[in-house]
Every structure is written in structure tokens, then in C-alpha cells.
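What follows is each chain in one-letter form.
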Amino acid sequence: MITEYDQMITRQRKWMLYLIAIMVIGSGFSSYQEIFNSLLLGSAVSFYNLWLLQHKTKALGKAVVETGKVRGGLGTFSRLAATMLTVLIALRFNETFHIIAVVFGLISSYIVICLDVASRIIANRKNHN
């Protein structure tokens, strides 16, 4: 049985992959290669962080339902470490990456999450009217 949460996960991952594909195309065919490389680096790590958050959230919910106790966390340290490593890579290789574009790439999954929630709210309002 596919839950609403599973559908949300699928939608968000699909939109992140579309976004990453656009950045790959931009990196390969645009004259703004440094910007697209930076967005691609940040978005790839953002996608990993999104996947990790979704995976940990599902595991945490399952554990609470089965045992009634909260065990483990949401992988905050792992996501923070991946983000810090990405920023360090961008700073170390500043001739290849633009730090501000990397930061925008890092927040891309949060933008996708917000757009997904907004689209669900709008769709629900249209269905109720």
C-alpha cells in the first residue's frame, strides 16, 4: 500500500532529479559553467540530505508505531557534515565553484519541499471547492 507520505517522497525526489538534470545540461552547454557546477554540487548534496531525512523520518515513524519509543534521530549530524564538506570543497576549489551558488544549491531541496507543500495546499483547496 502506497501512503500519502510515500507519494510525497516520490514527488520531491522526482523534482530534485529534474532540477539536477537541468543543472547538468546547464553545466555542459552553458557559458556559466562555474555557476552550474556550483549549483550541481550543492544540489547533489541537497538531494542526498533530502533522501537521508526522508529515510530517517520513515524509520523513526516505523519505530514509534512498533515500539512506542523514539529510538535514533533524523541524521542531523550526517546532513550537517555533508553540508560542511560541500562548503569546504567549494572554498578549496574556488576556481571551479562559486560559494554563493553552492549555498543556493544546498537549499534547493528545501525549496522543493516548500513548493510541494504549496502545490498540495492549492490542489486540496481546488478539490474542496
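Up top is the structure these notes are about.
Worth saying up front: this structure is predicted, and the values here are computed from it rather than measured.

Asks: How would you explain the environment of Q54 if you had to name every residue and give the values?
Replies: Tracing the backbone through its elements, the reader meets Q54 in helix α2 (residues 33–67). The spatial distance from the C-alpha of Q54 to the C-alpha of V117 is 15 Å, given a sequence separation of 63 residues.

Asks: I'd like a description of the packing of α2 against helix α3 (residues 76–92), backed by residues and values.
Replies: Running from amino to carboxyl end, α2 crosses α3 at an angle of 175 degrees, the nearest separation of the two axes being 10 Å. By the angle between their axes, α2 is roughly antiparallel relative to α3. Side by side, α2 and α3 meet where L41, G42, V45, Y48, N49, L52 and L53 of the first sit next to S78, R79, A82, T83, T86 and I89 of the second. In terms of residue class, the contact of α2 with α3 is made up of seven nonpolar, five polar and one charged.

Asks: A description of the nonpolar core should follow, citing residues and the corresponding values.
Replies: Core analysis: the biggest nonpolar cluster contains seven residues, these being L41, V45, A82, A90, F97, V102 and L106. Every element with two or more residues in this core is listed here: α2, α3 and α4 (99–106). Excluding anything up to four places from it in sequence, V102 contacts S38, L41, G42, T86, A90 and F97.

Asks: Provide a residue-level description of the side chain of T86, including the pertinent values.
Replies: The topology assignment puts T86 in helix α3. When sequence neighbours within four positions are dropped, the list of residues in contact with T86 reads L41, G42, V45, V102 and L106.

Asks: Which residues make up a nonpolar patch on the surface, and what values go with them?
Replies: A cluster of nonpolar side chains, contributed by L88, L91, I99, I100, V103, F104, I107, Y110, I111 and L115, occupies part of the molecular surface with about 940 Å² of accessible area. Taken together, the elements giving at least two residues each to the nonpolar patch come down to α3, α4 and α5 (108–128). Per-element tally for the nonpolar patch: the top contributor is α4, with four residues.

Asks: Hey, could you go over the packing of aromatic side chains for me, with residue numbers and the actual values?
Replies: The final tally for this structure, using the stated rule, is two aromatic pairs. Seen from the ring of F93, R92 lies directly overhead, with NZ or CZ sitting 5.0 Å from the centre.

Asks: An account of α4 is needed here, citing residue identities and associated values.
Replies: Regarding α4, the residues found buried are A101, V102, G105 and L106. What you see down the axis of α4 is that its buried residues fit within an arc of 145 degrees, all on one side. The exposed residues of α4 that point more than 90 degrees off its buried face are I100 and F104. Looking at the packing, one finds that the buried side of α4 touches α2, α3 and α5.

Procedures and definitions
- Residues numbered from 1 in each chain as written.
- Predicted model: local features only at pLDDT ≥ 70, side-chain atom pairs only at ≥ 80, totals over all residues.
- Heavy atoms only, no water.
- Helix = DSSP H or I, 4+ residues; strand = E, 2+ residues; numbered from the N terminus.
- Axes fitted to C-alpha atoms, helices over the stretch in contact; angles between N-to-C directions.
- Parallel < 35°, antiparallel > 145°, perpendicular 65-115°, else oblique.
- Contact = heavy atoms within 4.5 Å.
- Nonpolar A, V, L, I, M, F, W, Y, C, P; charged D, E, K, R; others polar.
- Core = buried A, V, L, I, M, F, W, Y, C linked by side-chain atoms within 4.5 Å.
- Buried < 20%, exposed > 50% of the residue type's maximum accessible area, 1.4 Å probe, protein only.
- Patch = residues over 30% accessible without salt bridge, like charges linked within 9 Å, V, L, I, M, F, W, Y side chains within 5 Å.
- Areas by Shrake-Rupley, 256 points an atom, 1.4 Å probe, with all protein chains shown as cover.
- Salt bridge = Lys/Arg side-chain N within 4 Å of Asp/Glu carboxyl O.
- Phe/Tyr/Trp six-rings, centres within 6.5 Å; stacked < 30°, edge-to-face > 60°.
- Lys NZ or Arg CZ within 6 Å of the ring centre and 35° of its normal.
- Arc of directions from axis to C-beta.

What is shown is where atoms sit, not what they do.
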